[in-house]
Amino acid sequence: MSEAFLSDLLEAIENGILVFSPVRNQQGEIIDFKYEQANRSALRLINQQNQQIIGKTLLTVFPTLKGSEIFKRYVRVLESGEGFRSEFHYQDGGLNTWFRDHAFRLGTNLVVQFTDIGEYKQLLEEKARNEGLYQALVRALPNLDLILVDRQLNVQISKGNPLKAFGLDSTLETGTNLRDKLEPSELSDIRNNCKKNFKQETVRREITGDNTIYRVSFVPVYEHTSTVFGSLIVTEDIGVFSLSEDELRNKLYALESTQESLEQFAYVASHDLQEPLRKIRAFGDRITTRYANQLDDTGQDYFARMQNAAQRMQVLIDDLLKYSRVGRIQNGFEEIDLNQLIDEVLADMETSIEESAATVEVGELPTLEGEATQLRQLFQNLISNAIKFRREGVAPHIKITSRELSADLVGSHNQLNNPREVIVQDNGIGFEEKYLDRIFNIFQRLHGRNSYPGTGIGLAICRKIIDNHQGDIFATSEVGKGASFHMVLPLQQTMQL
């Protein structure tokens, strides 16, 4: 194979190819690399088309690489013979981009094959920003239901019940096709509006439903090439806005009265259930103790199941009582040092923390106006969950931190008085983020009772406490990598008690 053929082959390759020989000091250590060969693609990628670099050294052309990890890796390749691949950012000498390279030893020389991936990295950053924007919109617009579909009407993103205005009273899983869920007339209506989106038109409609009015928006969604790749359907229930001021006032009064009645009912019903339940458990214990030898295995099994069911009912009633008691602020707001409050919570939970070998790391937390009993219960519930939902064989590690609101949270919480974000993060089993809308609902459980005990009320209580403090709570999680609960709380309360 001739040298001319090899030269032509190098020039035909689109990736950059650089060949270096090592430059050594008197001790034999590599201190630089000399350019021996470079194809046109390499000169273009490193912005050296009009420069004569053959014979020069790497650190002369790119001095900022001196002492860098890339330079050290090149040295290791020549010394060990083991190649490596990497991605790195370079900014100097007119360059500001990302490279992906593959370095390997060929004889006594170092060969580096590389390409510019700056555009690819920019697309990844845009994708991450867009995903962050979507999550921010979901949190900022809790009363909006939405769905994103592609040209084939396949669901890409779904939140809430986005097609209730069209008679579909259910949520839609990602990957579902609307053709499988809608009647032909409703499907045709939606498809026609989506077609307008793909022609870069936005459609807004108001649809009258049962006792309400829906505002439905069909919005085109663009990719980075300015091509429409999806149709975003956003549904908002605006029926309440059509009511007169007197009607609104009456409905608000009725709602407050209903809420108060429900809280009283929950408390009374739960409290009145305690006595008969105690009798069931007491007589069950007596039968099991005194007459166990007169029962066969089946009878003993029946009584064991009865006692277990009674125990679960007791836990459920206790949790209902807790839920009813956090209906509203009882004792008024006062200044609460969250660091001191967390210390008290951890002292109360000392036994469960030690038994689970958990570690709790607490950062600097703010002092805010709140109701101490409810805030204590809030953090106790979150820490208890972090301990309960731990990975098998992995000790729980819980971090409680605080920070200023990020940019995506400031706009959606600007009505709060000097808000701060408090985060409780764990390393437990986590959960799929498609359940984010469910986990704070009462009696919602993501795991079987046999795997993890509980009634599904704990996070509902947390949300109620946060609502009482005019704040917001949301979660982020990944299966097997833990969960983070984010609470946005004002340092000063503005509500009148």
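Rules behind the numbers
Residues numbered from 1 in each chain as written. Predicted model: local features only at pLDDT ≥ 70, side-chain atom pairs only at ≥ 80, totals over all residues. Heavy atoms only, no water. Helix = DSSP H or I, 4+ residues; strand = E, 2+ residues; numbered from the N terminus. Polar contact = N/O pair within 3.5 Å; in protein donor to acceptor, adjacent residues only side chain to side chain. Contact = heavy atoms within 4.5 Å. Pairing = 2+ DSSP bridges. Axes fitted to C-alpha atoms, helices over the stretch in contact; angles between N-to-C directions. Core = buried A, V, L, I, M, F, W, Y, C linked by side-chain atoms within 4.5 Å. Buried < 20%, exposed > 50% of the residue type's maximum accessible area, 1.4 Å probe, protein only. Expected span 1.5 Å × (residues − 1). Arc of directions from axis to C-beta. Left-handed = near helix turned anticlockwise from the far one by under 90°. Nonpolar A, V, L, I, M, F, W, Y, C, P; charged D, E, K, R; others polar. 1 Å grid on protein atoms, 1.4 Å probe; cavity = no way out; pocket = protein on both sides within 12 Å on 5 of 7 lines; lining within 4 Å. Points joined across faces, edges and corners; volume = space filled by probe spheres on them.

Checked against the element boundaries, Ser231 lands in strand E10 (residues 228–237). Here Asn197 takes part through its side chain, which lies 2.4 Å from a polar atom of the side chain of Ser231. For Ser231, the residues in contact, after removing those within four places along its chain, are Ile147, Leu148, Val149, Cys194, Asn197, Phe198, Phe218 and Val219.

Time to look at the sheet that holds strand E5 (residues 109–116). The five strands lie next to each other as E2-E1-E5-E4-E3, forming an open sheet whose pairing is antiparallel. At either margin of the open sheet sits one strand with a lone partner, and together these are strand E2 (30–38) and strand E3 (84–92). Between one strand and the next, the sheet's axes are offset by a mean angle of 35°, whatever the strand orientation. In this sheet, E5 lies alongside strand E1 (residues 16–24) in antiparallel orientation, the contact comprising five bridges. Paired with Ile17 across the two strands is Gln113, which belongs to E5. Running at roughly 85° to E2, helix H4 (residues 69–80) makes contact with E1, E2, E3, strand E4 (95–106) and E5 of the sheet.

Now for the nonpolar core. Counting residues in hydrophobic clusters, the biggest one holds 39 residues, and the most contacted among them are Leu378, Phe379, Phe485 and Met487. Elements with a contribution of two residues or more to this core: helix H9 (338–348), helix H11 (372–388), strand E14 (397–403), strand E15 (419–425), helix H13 (458–468), strand E16 (472–477) and strand E17 (483–490). When residues in this core are grouped by element, the largest group, eight residues, is from H11. Membership of the second largest hydrophobic core comes to 31 residues, among which are Leu18, Leu45, Val61 and Val77.

Turning our eyes to something else, we now look at H4. Taking 1.5 Å of rise per residue, the twelve residues of H4 would be expected to cover 16 Å, and the 16 Å separating its terminal C-alpha atoms lies within 8% of that figure. What H4 keeps buried is the set Ile70, Phe71, Tyr74, Val75, Val77 and Leu78. Along the long axis of H4, the arc covered by the buried residues comes to 155°, so they all point the same way. Packed against the buried residues of H4 are E1, E2, helix H3 (58–61), E3, E4 and E5.

The next point concerns helix H6 (residues 184–198). With 15 residues, H6 should cover 21 Å at 1.5 Å per step; its first-to-last C-alpha distance of 21 Å lies within 8% of that length. If you check which residues of H6 are buried, you get Leu187, Ile190, Asn193, Cys194, Asn197 and Phe198. All buried residues of H6 project into a common sector of 150° when viewed along the axis, lining one side. Among the exposed residues of H6, those pointing more than 90 degrees away from its buried face are Pro184 and Ser185. Buried residues belonging to H6 abut strand E6 (144–149), strand E8 (203–209), strand E9 (212–222) and E10. Residue Gln200 follows H6 closely and has a positive phi angle near 70°.

Another point: the sheet that holds E16. Strand order in the open sheet formed by five strands is E12-E14-E15-E17-E16, with mixed pairing between adjacent strands. In the strand order of this sheet, the two ends are held by strand E12 (359–362) and E16, each with one partner. Adjacent strand axes in the sheet meet at a mean angle of 15°, parallel and antiparallel pairs treated alike. As paired elements, E12 and E14 share four bridges and run parallel to each other. Directly across from Val360, in E14, lies its bridge partner Ile398. Relative to E12, H9 is tilted by about 170°, and along the sheet it contacts E12, E14 and E15. Packing against the sheet, H13 makes contact with E16 and E17, and its axis sits at approximately 140° to E16.

Between H11 and H13, the least distance of the axes is 9 Å, while the angle of their chain directions is 145°. In this structure, H11 meets H13 at a crossing whose hand is left-handed. Two secondary-structure elements touch here, H11 through Gln374, Leu375, Gln377, Leu378, Asn381, Leu382 and Asn385 and H13 through Gly458, Leu459, Ile461, Cys462, Ile465, Ile466 and Asn468. Each residue belonging to the contact of H11 with H13 can be placed in one class, and the counts come to eight nonpolar, six polar and no charged.

For the structure on display, the rule yields one cavity of 30 Å³ or more. Put simply, the largest cavity is a space of about 200 Å³. Together, 16 residues line the largest cavity, and Ile46, Phe62, Leu65, Tyr74 and Phe88 are the ones closest to its centre. When residues of the lining of the largest cavity are traced back to their parent elements, those giving at least two are E1, H4, E3, E4 and E5. In terms of residue count, E4 provides more of the lining of the largest cavity than any other element does, three residues in total. Class assignment for the residues of the lining of the largest cavity results in 15 nonpolar, no polar and one charged.

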